[in-house]
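Residue-level structural notes
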Amino acid sequence: AGIGKCVALDLARRNARTILACRNQERGQAAVEEIRAATGNPAVLLRLLDTSSLASVRAFAQAVLREEKRLDVLVNNAGLTGLPFTITPEGLEKTFATNYLGPFLLTNLLLG
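Presented here is an overview of the structure given in this document. Everything quoted here is computed from the prediction, not taken from an experiment.

Basis of the calculations
Residue numbers run consecutively from 1 along every chain, following the written order of its sequence. Two thresholds apply to this predicted model, a pLDDT of at least 70 for residue-level local features and 80 or more for giving and counting side-chain atom pairs, whereas whole-chain, interface and lining totals are computed over all residues. Values shown for side chains rest on all heavy atoms present in the structure; no hydrogens or waters enter the calculation. Runs of H or I in DSSP of at least four residues are treated as helices and runs of E of at least two as strands, each being numbered from the N terminus. Each residue is placed in one exposure class: buried if its accessible area under a 1.4 Å probe, protein chains only, is under 20% of its type's maximum, exposed if it is over 50%, and partly exposed if it falls in between. Contacts are assigned to residue pairs with any non-hydrogen atoms lying within 4.5 Å of each other. Accessible surface is estimated by sampling points in the Shrake-Rupley manner with a 1.4 Å probe; for residues, cover comes only from the protein chains shown. By convention in these notes, a salt bridge is any Lys or Arg side-chain nitrogen within 4 Å of a carboxyl oxygen on Asp or Glu. Cavity means a closed set of points on a 1 Å grid over the protein atoms alone, one where a 1.4 Å probe fits but cannot get out, pocket means an open set with protein on both sides within 12 Å along at least 5 of 7 lines, and lining means a residue has an atom within 4 Å of a point. Grid points are joined across faces, edges and corners, and a volume is the space filled by probe spheres set on the points. One less than the number of residues in a helix, times 1.5 Å, gives the span that helix is expected to have. By arc we mean the arc of the directions from the helix axis to the C-beta atoms, nothing more. Here a polar contact is recorded for every N or O atom pair within 3.5 Å, except that within protein the pair must consist of a potential hydrogen donor and a potential acceptor, and residues adjacent in sequence are included only if both atoms are side-chain atoms.

Right, let's get into the overall build of the protein. Across its full length, the protein carries 4 helices and 2 strands. Reading the helices (α) and strands (β) of the protein from amino to carboxyl end gives α-β-α-β-α-α. By its C-alpha atoms, the protein is 40 × 30 × 20 Å across when sized along the principal axes. Relative to its 112 residues, the protein shows a buried fraction of 30%. Sequence separation of 24 or more characterises 63% of the internal contacts of the protein that already satisfy a separation of 6 or more. As displayed, the protein offers around 7200 Å² of accessible surface, 56% of which is attributable to carbon and sulfur atoms.

What follows covers the pattern of salt bridges. Where side chains of opposite charge bring their charged atoms close, a pairing between them can arise. By the definition in use, this model includes 6 salt bridges. Residue Asp10 pairs with Arg14 through a salt bridge whose shortest N-O separation is 2.8 Å. Residue class for Asp10 comes out partly exposed when judged on its relative accessible area of 34%. Look at Arg14 and you get exposed, because its relative accessible area is 61%. Each of Arg47, Arg66 and Glu67 takes part in a single network of salt bridges with overlapping partners.

What follows deals with the layout of surface pockets. Counted as a void, the largest pocket has a volume near 1300 Å³. Contributing to the lining of the largest pocket are 41 residues, with Ile19, Leu20, Ala21, Cys22 and Val75 lying nearest its centre. Those elements giving two or more residues to the lining of the largest pocket turn out to be α1 (2–13), β1 (18–22), α2 (25–39), α3 (54–67) and α4 (94–110). For the lining of the largest pocket, the element with the most residues is α1, which contributes 7 residues.

Its 15 residues give α2 an end-to-end C-alpha distance of 21 Å, which sits within 8% of 21 Å, the value for a rise of 1.5 Å per residue. Regarding α2, the residues found buried are Gly28, Ala31, Val32 and Ile35. Looking straight down α2, one finds that the buried residues subtend no more than 100° of arc, so they occupy a single side. Residues Glu26 and Ala37 are exposed on α2 and point more than 90 degrees away from its buried face. Contacts made by the buried residues of α2 are with α1, β1 and β2 (44–48). Residue Asn24 occupies the N-cap position of α2, its side-chain oxygen lying 3.0 Å from the main-chain nitrogen of Glu26. Taken from the residues just after α2, Gly40 is the one with a positive phi, measuring 75°.

Have a look at this one:
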């Protein structure tokens, strides 16, 4: 939803192979189908990613590096705000992990 969906829609309109990295399977698949229908671009894909989980970030990056020949653009758009203080299973504060640590790790893993 929001900025991420708008960016994905614009990239798909430009006929780019576009991967939506989403936490929620159902919402992500709905966005993929909407973008495919609006653009006619079948190369819009869903991959699950929770940037609050460093294990999820590592698994996502490993899959992208294995499945994709190249990566031209990375848009880090995940973000949380206004949640009560929560610690992730990895012992990190959830907002900090989601907004900063996860995207930083993802970027560094995908740099090659």
